[in-house]
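Architecture and fold: a report
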Amino acid sequence: MAQLVEFARMNGLGNKILVVDMRGRTDKVTSEAAVALNADPQTQFDQIMAIHDPKAKGTDAWIDILNSDGSKAQACGNGTRCVVQALAAETGRKAFTFQTVAGILNAQEHADGTISVDMGKPVFTWDKIPLAEEFHDTSRIELQIGPIDAPVLHSPSAMSMGNPHAIFWVTSDPMEFDLERFGPLLENHPIFPEKANITLAQVTSRSSLRTRTWERGAGLTLACGSAACAAAVSAARTGRTGRTVTIDVASSPSRQPLVIEWRNDDHVVMTGPAEWEWSGKVDPATGHFTRDEEPEALVH
């Protein structure tokens, strides 16, 4: 078995993604490889999306997702869009079905280049998110940062989009908050036994939000698709918006928005862009990589 496999550096709204082709192999991208890749400025990433041969009938691939600290992730919407773009370029197909730890994801590339991903159904039950203590209503849980009589952040909406999320509602620009300081404290708060993605969300209209996220296992991120979905669902759930919203990801270098629809069948569909940057070859055991001299598709 050849040591090196093909991979592509991509991004979804600035969310730094490495798409690694592990099809035809039985090994996996190791945590050690992930940490080594993240340590190099060229390959620093938020998530690795490793494409494996399908495990379930009717699916196109099994996607193994790793965070930049080497831990496993259950879901990554921006990364899924990158996988779709890579496979669409390879195959000419527009629709795909993937299996992840979080479940089955259906995705489609549109004529304008944007990609829709069905992220599945949200989960609100406290022990399924999970939370460490029981809350009858998880749309507003007891958690705050700052002085007890004047907290900086408080009463987040908690839910799961295949991974745990806490949405803190703010009335000013999310970029004004010191999320780099608050993020690690909240991600690792004892209320979240599996840690959590921490998002600041500002409602800018009945159909729009502005968000910024501290991502579990990755840290301060330029974008997080599952967090955008969680913010949109939580906004609708608490009556702040309708069930279709446009998300302005405040930290993203791209000003192209995400569109999130919480459909009547309870599925959450995210539509947004993906961008190819460069390709190369990587050792999935060690993270040693080389860059291709000329731009080319992920797989031939």
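Attention here is on the structure that accompanies the text. Since this is a predicted model, take the numbers as computed values, not measurements. (Residues numbered from 1 in each chain as written. Predicted model: local features only at pLDDT ≥ 70, side-chain atom pairs only at ≥ 80, totals over all residues. Heavy atoms only, no water.)

**With respect to helix 2 (residues 77-91)**
An ideal rise of 1.5 Å per residue puts 21 Å on 15 residues; helix 2 measures up with 21 Å between its terminal C-alpha atoms. Of all the 15 residues making up helix 2, 12 are buried; the element is thus mostly covered by neighbouring parts of the structure. Within the sequence span of helix 2, burial applies to G77, N78, G79, T80, R81, C82, V83, V84, Q85, A86, L87 and A88. (Helix = DSSP H or I, 4+ residues; strand = E, 2+ residues; numbered from the N terminus. Expected span 1.5 Å × (residues − 1). Buried < 20%, exposed > 50% of the residue type's maximum accessible area, 1.4 Å probe, protein only.)

**What about the pattern of salt bridges?**
Tallying each qualifying case throughout the model produces 14 salt bridges. Here D265 makes a salt bridge to R263, at a shortest N to O gap of 2.8 Å. Residue class for D265 comes out partly exposed when judged on its relative accessible area of 39%. Classification of R263 as partly exposed rests on a relative accessible area of 27%. (Salt bridge = Lys/Arg side-chain N within 4 Å of Asp/Glu carboxyl O.)

**Examining the environment of F289**
Checked against the element boundaries, F289 lands in strand 20 (residues 289-291). A sequence separation of 282 residues divides F289 from F7, and the C-alpha atoms of the two residues are 9.2 Å apart. What F289 contacts, discounting residues up to four positions off in sequence, is F7, L37, D40, Q42, T43, W278, K281 and V282. (Contact = heavy atoms within 4.5 Å.)

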